[in-house]
Amino acid sequence: MNPLHASVRRIQDAGKRDATLLEHELLHAVIDDEGGMIPELSSPSGNGRINAHLIPWFRPISGETFDEAKHGSFWVNKIHFHFAGNFPCFPNFGAGGLVDGAELPFHGWSANLNWHFVKSGTDEESGAAWACTEMKSQNPAMPLDMLKIDAIIPKHAVHYSSITVKNNGTKDIAINPGFHNLLGAPFLMPGCKVSFAADRWATQPNQESSSSDECSQLRQGTEFDSLEKAPLASGGHTDISLVPPPIGYSDFVVGAIPDSLSLGWSVVTNPLIKKAYICFFPGQAAAVEDDIVLRFNCFLMEYGGRHYTPYAARRGGTDLTYCIGTENVLGSFVDGIEESRRAGKLLGAPTTVTIPAHGRKTLRYGTLFASYDNSILNMGIKSIQAEESDIVVLGSGNSYVSFKADPGFVILKRIMAEM
C-alpha cells in the first residue's frame, strides 16, 4: 500500500459490527458504529502489524446484542459488552444517571449507542480520507446532537477525530466529555513508559478505590506533582510512570493540564519495540471560541486488581484484563456531569464546558501511533510542541523526535466546514 494514498471503506468488524476502515501504509484505524469504538489502531511491524488498542478478552464476537436478562449478570452493563480501544464519551465521561430529566448511561450516549453513518470521501487538497457519522439527542430534555468526523492524512501516522456538539435547546447545557484511550498487548508490556502534560495530580478522595471490589495501591484523597513519586497507601512512594507486569492492583489518577500549554498531550512509549502512542489536542493557550478544551489527563492502571466479572471469569477470580488508559477529559474524576457541575473545578481547572443555547462547540483530537529511532524517547517525554506540519517530541537529554502531523487540525476543520 502506498503511504501517499489514504482510503476509506465500510466493513464488518468482528462480532458482525458495522464499521469504517481508514487506512494507509503507516496506519490502520477501525471505527465501529457501535459506541464509536476503535478496536484497532495498528502500525507496521516487519511483514505484519502491531495493534496498540485493547480488545478485552470478554468482548463477544457472537453478533448478539446486549440483553440485560441474558448478559447482565456477567457483563454488568451494556458498555462492557462492546467496549474496546479508544472511544468518545459524550455528553458525560464517567457516571450517568438522570441529568436534567434525561437518563445517561455510563460514559454517555456516544460510547453506548450506534453512530449513524452519513457519508465518506477524500479531501482533494490533502488526500485525507474521512468518514462522517452522527448521533441525535436521545431525549428532548437534553437536546444535544453530535456530528463526528474521523480522518487519516497521507504520511501522518495519526487518526484524527472531531466531534461537534450542537445545542438545539433554549438553555445553556454544561457537559463533561472526553476520549477514553485503552491500550493493551501486544503494544503494552512491562517496561513501557507513560508521560503526560499534566503537572498536578490527585487520587479520588474519601474512598479506598473506585469499587469496593478493587485493590488500590495508592493513597486516596491526596495530591502529588510527579508520577515518579506517587504516594502509596502503605507509606512511601512508587513510580507509576513505568508500567509493571500484572501486580494485583487497579488505580486511577487525574492530572490538570497547565493553562499555558498550546497543546495538551499524553504519551506511552515502548522501548523494546520503539513505538510511541501519542494523543494530542488543543490546549487552553491556543483555544478558539468553538473549541472544547480537555483540561485533564487521566491515567487508568489496570494491573489485575478487579476480581469480579467481566474482568475476571468469576467473582473472586483472577483479573485477566491487563491494560492502561490514557484518557483525556473534562470532569471531576469519573463522577459524571452532576458531580462535575457541582465541583466546578478540580486542581484549579474547570470540570465542565458549556454548550450555549442554539450554539455548538467542537472537540478535536489526534491519536498517533508510530515508530521512533534509537533510544531518544525510551525514558519518557518532557514536552511536545506543535509546529505547522509536525509535532516535536522532546525526550531525555533534550533530544527530540518529529512526527508528521497537523496539530492545528487545519485539514480536519476544512473537512468539517465542507460538511
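For the structure itself, look to the data block above.
Residues numbered from 1 in each chain as written. Predicted model: local features only at pLDDT ≥ 70, side-chain atom pairs only at ≥ 80, totals over all residues. Heavy atoms only, no water.

Asks: A description of the sheet that holds strand S17 (residues 223-224) should follow, citing residues and the corresponding values.
Replies: Taken together, the seven strands give an open sheet; going across it, the order is S6-S14-S24-S23-S20-S16-S17, and neighbouring strands pair in antiparallel fashion. This sheet does not close on itself; its edge strands, each paired only once, are strand S6 (86-89) and S17. Taken together, the six bridges between strand S14 (residues 178-183) and strand S24 (residues 322-329) define a ladder with antiparallel strand orientation. Paired with Gly 178 across the two strands is Val 329, which belongs to S24. (Pairing = 2+ DSSP bridges. Helix = DSSP H or I, 4+ residues; strand = E, 2+ residues; numbered from the N terminus.)

Asks: I'd like to hear about the pattern of salt bridges, residue by residue, with values.
Replies: The full count for this structure, using the stated rule, is 21 salt bridges. Between Asp 291 and Arg 364 there is a salt bridge, and its shortest N-O distance comes to 2.7 Å. Note that Asp 291 is positioned in the loop between strand S22 (275-282) and strand S23 (296-303) and Arg 364 in strand S28 (residues 360-371), a separation of 73 residues in sequence. Each member of the pair Asp 291 and Arg 364 is classed as buried. Where Arg 306 meets Glu 302, a salt bridge forms, and the shortest distance between an N and an O atom there is 3.1 Å. Side by side, Arg 306 and Glu 302 carry an identical accessibility label, which is buried. Three or more residues are tied together by salt bridges with common partners; here these are Asp 13, Asp 32 and Arg 59. (Salt bridge = Lys/Arg side-chain N within 4 Å of Asp/Glu carboxyl O. Buried < 20%, exposed > 50% of the residue type's maximum accessible area, 1.4 Å probe, protein only.)

Asks: I'd like a rundown of the environment of Glu 418, residues and numbers included.
Replies: If you trace the backbone, Glu 418 turns up in helix H5 (residues 410-418). With a relative accessible area of 58%, Glu 418 lands in the exposed category. Sequence-wise, Glu 418 and Asp 123 are 295 residues apart; in three dimensions their C-alpha atoms are separated by 9.8 Å.

Asks: Now, about the nonpolar core: what can you tell me, with residues and values included?
Replies: Nonpolar side chains in soluble globular proteins generally cluster together in the buried interior. Membership of the largest hydrophobic core comes to 94 residues, with the highest contact counts inside it found for Ile 278, Phe 280, Phe 299 and Phe 403. For this core, the leading source of residues is S22, giving six residues. With sequence-adjacent residues up to four places away left out, Phe 299 is seen in contact with Val 194, Phe 196, Trp 201, Ile 240, Asp 251, Phe 252, Val 253, Ile 324 and Gly 325. Among the nonpolar cores identified, the runner-up in size contains 28 residues, and Phe 252, Cys 298, Tyr 308 and Leu 347 belong to it. (Core = buried A, V, L, I, M, F, W, Y, C linked by side-chain atoms within 4.5 Å. Contact = heavy atoms within 4.5 Å.)

Structural measurements only, silent on function.
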